[in-house]
Amino acid sequence: MDRVTAERAALIALLRQPDLGWSDAVHDIQEVGTALAVLRRVVGQTDTLFPDTRSVDSLIEAAAGDLAGWRAEGITVRAFFDDDYPAQLRDIREMPPVLFARGESRPDARAIAVVGSREASDRGVEIASSVSESLARRGVTVVSGLAKGIDTAAHQAALAAGGRTVAVIGTGIRHHYPAVNRALQEHITEVGLVLSQFWPDAAPTKQSFPMRNAVMSGYAAATVVIEAGERSGARIQARLALQHGRPVVLTSQVMRHDWARAFAERPGVHVAHGTMDLVEAVDAILDRSPAAAELEGCPLGPGTVLPGQESLLASRAALHF
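Throughout, a residue's number is its position along its own chain's written sequence, starting from 1. For this predicted model, a pLDDT threshold of at least 70 governs which residues receive local features, and a threshold of 80 or more governs which side-chain atom pairs are given and counted, while totals over whole chains, interfaces and linings are taken from all residues. Only hydrogens and water are set aside; all other atoms, that is, all heavy atoms of the structure, feed into the side-chain values.

Engineer: Kindly report on the overall build of the protein, identifying the contributing residues and their values.
Structural biologist: When its secondary structure is counted, the protein shows 13 helices and nine strands. Residue burial is assigned from relative accessible area. The probe radius is 1.4 Å, only protein chains are included, and a residue is buried under 20% of its type maximum, exposed over 50%, and partly exposed in between. Counting across all 321 residues of the protein, residues that qualify as buried make up 55%. Shrake-Rupley sampling with a 1.4 Å probe provides the accessible areas, and residues are treated as covered by the protein chains on show and by no other component. If you sum the accessible surface of the protein, you get close to 14,100 Å²; carbon and sulfur atoms cover 51% of it. The way it works is that DSSP assigns letters per residue, a run of H or I at least four long becomes a helix, a run of E at least two long becomes a strand, and they are numbered from the N terminus.

Engineer: So what's going on with the nonpolar core? Which residues, and what values?
Structural biologist: Nonpolar cores are built from buried Ala, Val, Leu, Ile, Met, Phe, Trp, Tyr and Cys residues. Side-chain atoms within 4.5 Å join them into one set. In this structure, Val 225, Leu 250 and Trp 259 are the most contacted members of the largest nonpolar core, which totals 72 residues. In terms of residue count, helix H1 (residues 3-15) provides more of this core than any other element does, eight residues in total. Two residues form a contact once any of their heavy atoms are found within 4.5 Å. Contact partners of Val 225, with chain neighbours within four places excluded, come to Val 115, Ala 234, Ala 238, Val 248, Val 249, Leu 250, Thr 251, Val 254 and Trp 259. Grouped together as the second largest cluster of nonpolar side chains are 25 residues, Ile 127, Ala 136, Val 224 and Ala 272 included.

Engineer: So what's going on with the environment of Glu 104? Residues and values would help.
Structural biologist: Considering the arrangement of structural elements, one finds Glu 104 in the loop between strand S2 (98-103) and strand S3 (111-115). Along the chain, Glu 104 and Glu 190 lie 86 residues apart, while their C-alpha atoms are 7.9 Å from each other. Leaving out residues up to four positions away in the same chain, Glu 104 has contacts with Arg 164, Gly 192 and Leu 193.

Engineer: So, the packing of helix H6 (residues 150-160) against helix H7 (residues 182-191): which residues are in play, and what are the values?
Structural biologist: Packed helix pairs are characterised by how far apart their axes lie and by the angle those axes make with each other. Fitted lines through C-alpha atoms give the axes, limited to the stretch in contact for helices. The angle between two N-to-C directions lies from 0 to 180 degrees. Between H6 and H7, whose axes approach to 11 Å, the crossing angle comes to 40°. When the interaxial angle is binned, H6 and H7 end up oblique. Two packed elements cross with a definite hand, and for H6 against H7 that hand is left-handed. In contact with Thr 152, His 155, Gln 156 and Leu 159 of H6, H7 contributes Leu 184, His 187, Ile 188 and Val 191. Gly falls in the polar group here, along with every residue not listed as nonpolar (Ala, Val, Leu, Ile, Met, Phe, Trp, Tyr, Cys, Pro) or charged (Asp, Glu, Lys, Arg). Taken together, the residues of the contact of H6 with H7 break down into four nonpolar, four polar and no charged. Note on terminology: angles under 35 degrees are roughly parallel, angles over 145 are roughly antiparallel, angles of 65 to 115 are roughly perpendicular, and the others are oblique. The sense of a crossing depends on the near helix, which, turned anticlockwise from the far helix by less than a right angle, makes the crossing left-handed and, turned clockwise, makes it right-handed.

Engineer: Give a detailed account of the sheet that holds strand S9 (residues 269-272), specifying residues and quantitative values.
Structural biologist: Note: two strands are recorded as paired if DSSP finds a minimum of 2 bridges between them. One open sheet holds the nine strands; their spatial order is S1-S2-S6-S5-S4-S3-S7-S8-S9, and the pairing between them is mixed. Each edge of the open sheet carries a strand with a single partner, namely strand S1 (76-79) and S9. Strand-to-strand, the axes of this sheet are offset by a mean angle of 25°, without reference to chain direction. Across three bridges, the pairing between strand S5 (residues 165-168) and strand S6 (residues 193-196) is parallel. Residue pairing across strands places Val 166 opposite Leu 193, the latter belonging to S6. Packed onto the sheet, helix H8 (residues 208-219) meets S3, strand S4 (141-144), S5, S6 and strand S7 (222-225) and runs at close to 150° relative to S5.

Structure, rendered in structure tokens:
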């Protein structure tokens, strides 16, 4: 087994340890410098009342077998220490230690998340489609969560325009949720990318979707919210995006809600009135955003302003839907 495979297998084995949190595993690996060393430290302890008699080698072999099986299914596994792990995700507190993917991976420095309500209005779907088509035609990757409503409209419009779309899902990558989007998910794996931070067989849970929103926010250079009620996951993503130092663009469609009007007063939030205004705002954000390579190793805390965004944040664009 080569060193790279052994390290990935050690990470998989570590993440399966019931008494070790995923964030703790990442911290320990970053501190020690190798997943293999952390696994040996965690497993096989003999100086305890109930010694751990498991073999590190057997755990690694089992995890390596899983990696081979996933690869045979067309599932790519990326550990956070791999060179091809999305660099922009290393800059968020919720960085997944491992990602499962189907499709074509690219740096996607020019990626924008388009999100909104599952119970979307006809007008909301129209706006999401128009915005996503415009972005795709400009070579921008459209990122969304494959949910019903706005997410579906965003993915479909980007694909119809011949653009690239990335679906960040809230289940294991073997699942199709919602079931009605099974064909759409499979199509995205053929021409775009589907990402999951959960074990491949993981079912949807109440907690998995906000976790998905955090990864979607981190993956994209900015988040566009088309429609979102007071308890919408899109609202959660807008909040997370600001914590990640990513700009947020709100359409006038969402400004009917108190939360959106409150958000509009924050630095880094833009209110757009029309597709062209929104696209211009996104262009300005992308022009001022660091490339993916520059993001690596530069953690962003709450309220952080990305390099070059000072003038953009100082005067919020007056953007009519």
